[in-house]
Amino acid sequence: MIGKYGNNKINKNFGKKTQELCASKIIFNFKSDSGILNYLNGKEIQSL
């Protein structure tokens, strides 16, 4: 059965119940006020 985060049978085999995200680079570009996260606007974080 296909679940919210992929194939439930495969996910169960790997012991996964939640989504796992990864990225080598992220750029913050908020289109509106982001409150306490405003200090990140325009920042780029990249892994080595």
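This report concerns the structure included in the present document. (Residues numbered from 1 in each chain as written. Predicted model: local features only at pLDDT ≥ 70, side-chain atom pairs only at ≥ 80, totals over all residues. Heavy atoms only, no water.)

1. Some words on the packing of aromatic side chains
Under the criterion given, the structure shown has 1 aromatic pair. Where phenylalanine 28 meets phenylalanine 30, the ring centres are 5.9 Å apart and the plane angle is 40 degrees; that geometry is what we call tilted. Judged by its relative accessible area of 19%, phenylalanine 28 falls in the buried class. (Phe/Tyr/Trp six-rings, centres within 6.5 Å; stacked < 30°, edge-to-face > 60°. Buried < 20%, exposed > 50% of the residue type's maximum accessible area, 1.4 Å probe, protein only.)

2. Points about the pattern of salt bridges
Where charged atoms from two side chains of opposite charge come close, those side chains can pair. Under the counting rule described, the total for this entry stands at 2 salt bridges. In this structure, the salt-bridge partner of lysine 16 is glutamate 20, at a minimum N-O distance of 3.0 Å. Across the pair glutamate 44 and lysine 25 runs a salt bridge, and its minimum N-O distance is 3.8 Å. Here the residue glutamate 44 occupies a position in strand β4 (residues 44-46), and lysine 25 occupies one in strand β3 (residues 25-27), the gap between them amounting to 19 residues. Classification of glutamate 44 as partly exposed rests on a relative accessible area of 47%. (Salt bridge = Lys/Arg side-chain N within 4 Å of Asp/Glu carboxyl O. Helix = DSSP H or I, 4+ residues; strand = E, 2+ residues; numbered from the N terminus.)

3. What to know about a nonpolar patch on the surface
On the surface, Ile36, Leu37 and Tyr39 cluster together into a nonpolar patch covering about 380 Å² of accessible area. With respect to the secondary-structure elements, tyrosine 39 resides in the loop between β3 and β4. Look at tyrosine 39 and you get exposed, because its relative accessible area is 59%. (Patch = residues over 30% accessible without salt bridge, like charges linked within 9 Å, V, L, I, M, F, W, Y side chains within 5 Å. Areas by Shrake-Rupley, 256 points an atom, 1.4 Å probe, with all protein chains shown as cover.)

The values are spatial; any link to function lies outside them.
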